Amino acid sequence: MSLQLEAISRLFRDDDPETVGMVKEQLVLRGESALQELRDLVNADSAIVAAHAQDVLHAIAGKNASGRLEKLLKGNNEIPLEQASWLISEALIPWIVGDEWKKTLDLWGCELLRRITENPNDRVPILIEFIHGELGFDGNTKDYYHHENSLLPCVIENR
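Rules and cut-offs
Residues numbered from 1 in each chain as written. Predicted model: local features only at pLDDT ≥ 70, side-chain atom pairs only at ≥ 80, totals over all residues. Heavy atoms only, no water. Core = buried A, V, L, I, M, F, W, Y, C linked by side-chain atoms within 4.5 Å. Buried < 20%, exposed > 50% of the residue type's maximum accessible area, 1.4 Å probe, protein only. Helix = DSSP H or I, 4+ residues; strand = E, 2+ residues; numbered from the N terminus. Axes fitted to C-alpha atoms, helices over the stretch in contact; angles between N-to-C directions. Left-handed = near helix turned anticlockwise from the far one by under 90°. Contact = heavy atoms within 4.5 Å. Nonpolar A, V, L, I, M, F, W, Y, C, P; charged D, E, K, R; others polar.

1. Digging into the nonpolar core
Phe12, Leu27, Leu38, Leu41, Val56 and Ile60 are the most contacted members of the largest nonpolar core, which has 16 residues in total. Formed by 10 residues, the second largest nonpolar core is a distinct cluster that contains Ile116, Ile126, Leu135 and Phe137.

Encoded structure:
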């Protein structure tokens with residue numbers, strides 16, 4: 001382990017929450033240049049070091065996604081809704097956004113398009129049967145205003 005990794009590891013194990021917080025803050029400010037070290041620390045023998053490294057990785061990913069979302073919103077008169085939705089999800093929950101969710105959504109879209117193309121006059125019933133009937137999407141009546149009801153990966157997972 002490099003001297004820098006050892007130093008970060010020691011600081012993550014410090015009993016003073018302010019010290020740990022300052023280290024995390026500095027690593028987040030370093031951004032991309034800290035990623036490799038943090039990835040190495042995620043596999044550390046110490047669970048506390050690994051957890052702190054993971055926290056910082058998530059903070060960096062969320063910050064990067066927020067920046068990309070801001071750029072997207074400022075740069076376009078027409079905002080691609082799906083792309084913006086993924087970036088919002090990535091900014092708020094960077095640890096679960098991934099290509100698997102996008103592939104799932106794309107597969108569902110292809111299947112729905114195939115069914116609608118075969119029966120163009122029955123679009124609404126086909127959409128309802130596929131989304132609600134087969135895939136099991138339904139509103140969250142128990143916790144309607146929970147923020148996860150607006151994040152694509154959570155909606156896909158929870159239906």
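From this point, the narrative continues.
2. As for unusual backbone geometry
The phi torsion at arginine 159 lies on the positive side, around 50 degrees, for a residue other than glycine. When you line up the elements, arginine 159 lands in the segment after helix 8 (152–158). Judged by relative accessible area, arginine 159 falls into the partly exposed class, the value being 35%.

3. Considerations on the packing of helix 3 (residues 35–42) against helix 4 (residues 47–75)
The packing of two helices is summarised by the inter-axis angle and the distance between the axes. Closest axis-to-axis distance for the helix 3/helix 4 pair is 8 Å, and the angle between their directions is 145 degrees. The hand of the helix 3/helix 4 crossing is left-handed. Residues Leu35, Leu38, Arg39, Leu41 and Val42 of helix 3 form the contact with helix 4, whose participating residues are Val49, Ala50, Ala53, Gln54, Val56, Leu57 and Ile60. For the contact of helix 3 with helix 4, the per-class residue count stands at 10 nonpolar, 1 polar and 1 charged.

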